[in-house]
Every structure is written in C-alpha cells, then in structure tokens.
Amino acid sequence: MKIKEVRELETKDLVERIEAEVAKYNQMKLNHAITPLENPSQIKATRRDIARMKSELHQRELNK
C-alpha cells in the first residue's frame, strides 16, 4: 500500500485497516514458522505497510 493510498483513507477506516493488517501479519508469521512461505518478503512488506499506516495515524493525531 502506497502512502498516497493511506492518506486518502478516513481515520476510522485507517484504524480498521491497521487492525486487519496486524492480524494478517501475525497469521503470516505463525504460518511461516510452521511451513515456510513461498515468498517470505511478504512478511516484511506487510510490516512496512503497518508502519506507514501507524505513522499517518500518529501524524493525524498530532495535527488535531
């Protein structure tokens, strides 16, 4: 997910999306521990997407 897409989301949607991505990330880590993923770089990409969304959410809180 690009930063441009993150900025277009409403705050409520952003919070929901963060929760969904964190759940997806945790599931991916668990699955990878049991049987290796085909593309383990997905874990890194998901982690970075979560960081982008959390950064944008924090920035919005500071600008209030």
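The rules behind each value
- Residues numbered from 1 in each chain as written.
- Predicted model: local features only at pLDDT ≥ 70, side-chain atom pairs only at ≥ 80, totals over all residues.
- Heavy atoms only, no water.
- Axes fitted to C-alpha atoms, helices over the stretch in contact; angles between N-to-C directions.
- Helix = DSSP H or I, 4+ residues; strand = E, 2+ residues; numbered from the N terminus.
- Parallel < 35°, antiparallel > 145°, perpendicular 65-115°, else oblique.
- Left-handed = near helix turned anticlockwise from the far one by under 90°.
- Contact = heavy atoms within 4.5 Å.
- Nonpolar A, V, L, I, M, F, W, Y, C, P; charged D, E, K, R; others polar.
- Salt bridge = Lys/Arg side-chain N within 4 Å of Asp/Glu carboxyl O.
- Buried < 20%, exposed > 50% of the residue type's maximum accessible area, 1.4 Å probe, protein only.
- Core = buried A, V, L, I, M, F, W, Y, C linked by side-chain atoms within 4.5 Å.
- Patch = residues over 30% accessible without salt bridge, like charges linked within 9 Å, V, L, I, M, F, W, Y side chains within 5 Å.
- Areas by Shrake-Rupley, 256 points an atom, 1.4 Å probe, with all protein chains shown as cover.
- Lys, Arg positive; Asp, Glu negative; His and termini not counted.
- Charge placed at Lys NZ, Arg CZ, Asp CG, Glu CD.
- Expected span 1.5 Å × (residues − 1).

**Q** Give a detailed account of the packing of helix H2 (residues 11-34) against helix H3 (residues 41-62), specifying residues and quantitative values.
**A** Between H2 and H3, the shortest axis-to-axis distance is 9 Å and the interhelical angle comes to 155°. It follows that H2 is roughly antiparallel to H3 by the angle criterion. Where H2 crosses over H3, the two elements pack in a sense that is left-handed. Here Thr 11, Leu 14, Val 15, Arg 17, Ile 18, Glu 21, Val 22, Lys 24, Tyr 25, Met 28, Lys 29 and His 32 of H2 lie close against H3, whose contacting residues are Gln 42, Ile 43, Thr 46, Arg 47, Ile 50, Met 53, Lys 54, Glu 56, Leu 57 and Arg 60. Split into classes, the residues belonging to the contact of H2 with H3 amount to 10 nonpolar, 4 polar and 8 charged.

**Q** Residue-level account of the pattern of salt bridges, with values.
**A** Where side chains of opposite charge bring their charged atoms close, a pairing between them can arise. Throughout the structure, instances matching the rule amount to 4 salt bridges. A salt bridge links Asp 49 to Arg 52, with the nearest nitrogen and oxygen atoms 2.7 Å apart. Of the two residues, Asp 49 and Arg 52 both sit in helix H3, 3 residues apart, roughly one turn of that helix. A salt bridge links Glu 56 to Arg 60; the nearest nitrogen and oxygen atoms lie 3.1 Å apart. Taken together, the positions of Glu 56 and Arg 60, both in helix H3 and 4 residues apart, correspond to about one turn of that helix. Here Arg 60 falls in the buried class, since its relative accessible area comes to 17%.

**Q** Please set out the nonpolar core residue by residue, giving values where relevant.
**A** Membership of the largest hydrophobic core is limited to 5 residues, which are Val 6, Leu 14, Ile 18, Met 53 and Leu 57. Sorting the residues of this core by element identifies H2 and H3 as the ones contributing at least two each.

**Q** Please set out a negative patch on the surface residue by residue, giving values where relevant.
**A** On the surface, a cluster of negative charge is made up of Glu 10, Asp 13, Glu 16 and Glu 19. Relative to the helices and strands, Glu 16 is located in helix H2.

**Q** Break down the environment of Leu 30 for me, with residues and values.
**A** The residue Leu 30 is located in helix H2 in this model. Of the residues examined, Leu 30 reaches a relative accessible area of 47% and is grouped as partly exposed. Taking the C-alpha atoms as reference, Leu 30 lies 37 Å from Lys 64; in sequence the two are 34 residues apart.

**Q** If you had to explain H2 to someone new, which residues and values would you point to?
**A** Between its first and last C-alpha, H2 extends 35 Å over 24 residues, near the 34 Å set by a 1.5 Å rise per residue. Listed as buried for H2 are Leu 14, Ile 18, Glu 21, Tyr 25 and Met 28. Looking at the buried residues of H2, the elements they touch are helix H1 (3-8) and H3.

Without other data, these values stay purely geometric and don't point to any function.
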